[in-house]
Amino acid sequence: MRKVREVLRLKHTLGMSYRQISETTGVGKTVVGEYLRRAGVIGITWPVAEEIDDAELDRRLFPVPGDGTAAPRPAIEWPKIHEEMKGRGVTLVLLWQEYRAEQVDGYGYSRFCDLYGEWRKTISATMRQTHPAGEKLFVDYAGDTVPVFDQVTGERAAHIFVAALGASNYTYAEARWSEGLADWIGAHVNTLTAIGGVPKAVVCDNLKAGVTKPARYEPGINRTYQDLATYYGFVVLPTRVRKPRDKAKVEVAVQIVERFVLARLRNQRFFSLEELNAAIRECVVELNAKIMRKLGKSRRELLETIERPALKALPAEPYRYAEWKRARVAPDYHIEIAGHYYSVPSRLIREVVEARITATTVEIFHKGTRVASHAFSPVSNRHTTIPEHMPSAHRRYAYWTPARIMQEAAKIGPATQALFEAIMKAKPHPEQGFRSCLGILRLAKSYGPARLEAACRRGNDIGARSYGSIASILKHGLDRAYAQEKAPEGAPIRHANIRGQGYYH
């Protein structure tokens, strides 16, 4: 259902064609058309009402189909359709909608596009790329790196991120330590802040940080990158594999940055990334202020006059970096994130969930619905547990802590205290140790504290680490013999098999 929601958002917010939506979401264009057709029939648009969760959306969009027969297809005047396509702002979606308004039982959008494509196969098409204002931002990394010298770590290469707007050619550049996901997202946030708005689409190469599955028709977009696009309201358009002309605008921008920025800085030595970025900003400001000969205007002037008015407004707050992780809920109703364990409702044991991780929070989602939220903890091998997530049988142990258990053990004796400490160290989860210790404490009600202390003393010597072992020692009376063997010096020895001096009087 996340894909369905994204299709609705791209269609109703950005007005994209079915093919563009297909290339962006990785959903076939036939399926895109079917999603939108079904949503239109039942009156669902974007944004989807809050009361409609994923399950309800699935039920409404895909009810059990009824029986029906297909109506004959009317003829289509393809020359007229082709001529209409040359008009400004006219899309195949619009023409198909007009066609279906006249022919209710006509072809679906997918078949309509296929037939049109077959009709124009003989037409030689050479595409000249035009970029309306506010439509596309092209992004890439320069091939060259810049060395940064650090007195501690030594020389380190900085990667140069480059972005260019389609209509104004306004160029942005900054240095990053890597081409990884965090640097990729951070560079985008800074770029949008610098240009003062949001384009409809961002065109990127098939680098691993942005695209998880390079493909011509159904590329996979990294979940965090998609999260960024949803937050700002743009669509990600990866280029085709080995098709540099798809992003010719940024290829030229990279060359310009290498010539007018990096070449100027080649003889300078930089000792921090901040120092390098300060120098890059100065050069980029000069670059954008330079008058372009063919247009007679600067990139900055074009940005202010034609590009920025067409850009969408920035959100009130910049995007906060978040990573996504899929995890299966363990039998102890926790999932592992960066070595720490976070609880989810116990009903989701063995279910697959998605975690959205920021520097401060961990949000856990199941089928698009948030089921848990925790403060992020950097402490490894520890658990963060919400009591409401526990099964009812576990909640009784929630308020026991190691300190409280050791305090109760000390009331019985030092042997009991030593045994409890060994048990909790031996168990993989604190709860398991708590249960064993609480069970041993209850034995004092049946056998008394003195016998329990003696049993724990024997248990320590034989390496016992469970409730069952101590209960067995008490049940078979092994604690009595052990207690006599460990009696303090000078104390009379008492044992069932020793008659004692009174027997002879």
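From a predicted model like this one, the values you see are computed outputs, not experimental measurements.

Conventions used here
- By convention here, each chain's residues receive numbers from 1 onward along its written sequence.
- The predicted nature of this model means local features are confined to residues of pLDDT at least 70 and side-chain atom pairs, given and counted, to a pLDDT of 80 or more, with totals for whole chains, interfaces and linings taken over all residues.
- The side-chain figures draw on all heavy atoms in the structure; neither hydrogens nor water molecules are used.
- Under the scheme used here, helices are H or I runs from DSSP no shorter than 4 residues and strands are E runs no shorter than 2 residues, and both carry numbers assigned from the N terminus.
- Accessibility here uses a 1.4 Å probe with only protein chains present; expressed as a share of the type maximum, an area under 20% marks a residue as buried, one over 50% as exposed, and anything in between as partly exposed.
- For the accessible areas, the method is Shrake-Rupley and the probe is 1.4 Å, while residue cover comes only from the protein chains on display.
- Axes, fitted as lines to C-alpha atoms, cover a helix only where it is in contact. Angles between the N-to-C directions of the axes lie from 0 to 180 degrees.
- Throughout, the term roughly parallel applies to angles under 35 degrees, roughly antiparallel to angles over 145, roughly perpendicular to angles from 65 to 115, and oblique to all others.
- Should the near helix be turned counterclockwise from the far one by less than a right angle, the crossing is left-handed, whereas a clockwise turn marks it as right-handed.
- Any two residues whose heavy atoms approach within 4.5 Å at even a single point are treated as in contact.
- Under the scheme applied, nonpolar residues are Ala, Val, Leu, Ile, Met, Phe, Trp, Tyr, Cys and Pro; charged residues are Asp, Glu, Lys and Arg; polar residues are all the others, including Gly.
- Polar contacts, as counted here, are pairs of nitrogen or oxygen atoms within 3.5 Å of one another; within protein the pair requires one atom able to donate a hydrogen and one able to accept it, and residues that are adjacent in sequence qualify only if both atoms are side-chain atoms.
- A helix is expected to reach a length of 1.5 Å times the quantity of its residues less one.
- Put simply, a nonpolar core is a bunch of buried Ala, Val, Leu, Ile, Met, Phe, Trp, Tyr and Cys residues held in one set by side-chain atoms that sit within 4.5 Å of each other.
- Take a side-chain nitrogen of Lys or Arg and a carboxyl oxygen of Asp or Glu: if they are within 4 Å of each other, that pair is a salt bridge.
- One number per residue, pLDDT, summarises how confident the predictor is, and it ranges from 0 to 100.
- An arc is given here, and it is the one of the directions from the helix axis to the C-beta atoms.
- Here, any two strands with at least 2 DSSP bridges between them count as paired.

Notes on the overall build of the protein chain
Logical step 1: On a plain count of helices and strands, the protein chain comes out with 19 helices and 14 strands.
Logical step 2: Looking at the protein chain as a whole, 43% of its 505 residues qualify as buried.
Logical step 3: When the accessible area of the protein chain is evaluated, it comes to approximately 28,700 Å², of which 51% is carbon and sulfur surface.

Regarding the packing of helix 8 (residues 181–195) against helix 9 (residues 223–232)
Logical step 1: The interhelical angle for the contact between helix 8 and helix 9, taken along N-to-C directions, is 15 degrees, at an axis separation of 10 Å. Our classification of the angle between helix 8 and helix 9 gives roughly parallel. Helix 8 and helix 9 meet at a crossing whose hand is right-handed. Where helix 8 abuts helix 9, its residues Leu181, Trp184, Ile185, His188, Val189 and Leu192 lie against Thr224, Tyr225, Leu228 and Tyr232.
Logical step 2: Across the contact of helix 8 with helix 9, the residue classes tally to 8 nonpolar, 2 polar and no charged.

Describing the side chain of His188
Logical step 1: Here His188 shows up in helix 8.
Logical step 2: Within the local environment of His188, its side chain forms a polar contact with the side chain of Tyr225, the two groups lying 2.8 Å apart.
Logical step 3: Once residues within four sequence positions are removed from consideration, His188 is found in contact with Val139, Phe161, Val202, Tyr225 and Leu228.

Considering the environment of Ala163
Logical step 1: On the secondary structure map, Ala163 appears in strand 2 (residues 154–165).
Logical step 2: Classification of Ala163 as buried rests on a relative accessible area of 1%.
Logical step 3: Here the alpha-carbon distance between Ala163 and Val139, two residues 24 residues apart in the chain, equals 4.3 Å.

Overview of helix 17 (residues 449–462)
Note: α-helices contain 3.6 residues per turn, so residues at a spacing of three or four share the same orientation.
Logical step 1: Here helix 17 spans 20 Å end to end across 14 residues, near enough to the 20 Å set by a 1.5 Å rise per residue.
Logical step 2: Residues of helix 17 that are buried: Arg451, Leu452, Glu453, Ala454, Ala455, Cys456 and Gly459.
Logical step 3: Two residues or fewer past helix 17, Gly463 is found with a positive phi of approximately 80 degrees.

Remarks on the nonpolar core
Logical step 1: Counting 37 residues, the largest nonpolar core has Ile81 and Phe112 as the members making the most contacts within it.
Logical step 2: Within the second largest apolar cluster, 29 residues are counted, among which are Tyr170, Tyr172, Ala187 and Leu228.

Here's the deal with unusual backbone geometry
Logical step 1: Geometrically, the link from Trp46 to Pro47 is a cis peptide bond, its omega value of 0 degrees lying close to zero.
Logical step 2: As for its placement among the helices and strands, Pro47 is situated in the loop between helix 3 (29–42) and helix 4 (54–61).
Logical step 3: At Asn169, a position not held by glycine, the phi torsion is positive, near 65 degrees.
Logical step 4: Here Asn169 lies in the loop between strand 2 and strand 3 (171–176).

Some points on the environment of Ile256
Logical step 1: Tracing the backbone shows Ile256 in helix 10 (residues 248–262).
Logical step 2: The sequence separation of Ile256 and Leu287 amounts to 31 residues, and the corresponding C-alpha distance is 8.7 Å.

Considering the pattern of salt bridges
Pairs can form between side chains of opposite charge once their charged atoms are near each other.
Logical step 1: All told, the structure shown has 16 salt bridges when counted by the stated rule.
Logical step 2: Asp227 is the salt-bridge partner of Arg356, the closest N and O atoms lying 2.9 Å from each other. Highlighted residues: Arg356 in strand 11 (residues 352–357) and Asp227 in helix 9, separated in sequence by 129 residues. Neither residue differs from the other here; Arg356 and Asp227 are each classed as buried.
Logical step 3: The closest approach of N and O atoms between Glu363 and Arg370, which form a salt bridge, is 2.8 Å.
Logical step 4: Look at Glu363 and you get buried, because its relative accessible area is 15%.
Logical step 5: Via salt bridges that share partners, Asp227, Arg356, Glu363 and Arg370 belong to a single interconnected network.

Let's talk about the confidence of the model for the protein chain
Logical step 1: Scored by pLDDT, the protein chain has a mean of 79; 80% of the residues are at 70 or more.
Logical step 2: Confidence drops under a pLDDT of 50 for residues 64–71, and excluding neighbours within four residues, the segment shows 1 contact in the predicted structure.
Logical step 3: Low confidence marks residues 213–219, where pLDDT is under 50. Its contacts with residues over four positions away, or in another chain, come to 17 contacts.

Focus: the side chain of Ser168
Logical step 1: Its place among the elements puts Ser168 in the loop between strand 2 and strand 3.
Logical step 2: The residues touching Ser168, leaving out its near neighbours within four places in the chain, are Met292, Arg299, Leu302, Leu303 and Glu307.

Remarks on helix 12 (residues 299–307)
Logical step 1: By the burial criterion, the buried members of helix 12 are Arg299, Leu302, Leu303 and Glu307. Taken end-on, helix 12 shows its buried residues confined to a sector of 105 degrees, consistent with a single buried face.

Remarks on the sheet that holds strand 12 (residues 361–366)
Logical step 1: In space, the 4 strands of this open sheet follow the order 8-11-12-13, with antiparallel pairing throughout. The open sheet has two edge strands with one neighbour each: strand 8 (323–328) and strand 13 (369–375). Put simply, the sheet's adjacent strands are angled 25 degrees from each other on average, direction ignored.
Logical step 2: The sheet strands contacting helix 9 are strand 8 and strand 11, and the helix crosses strand 8 at an angle near 130 degrees.

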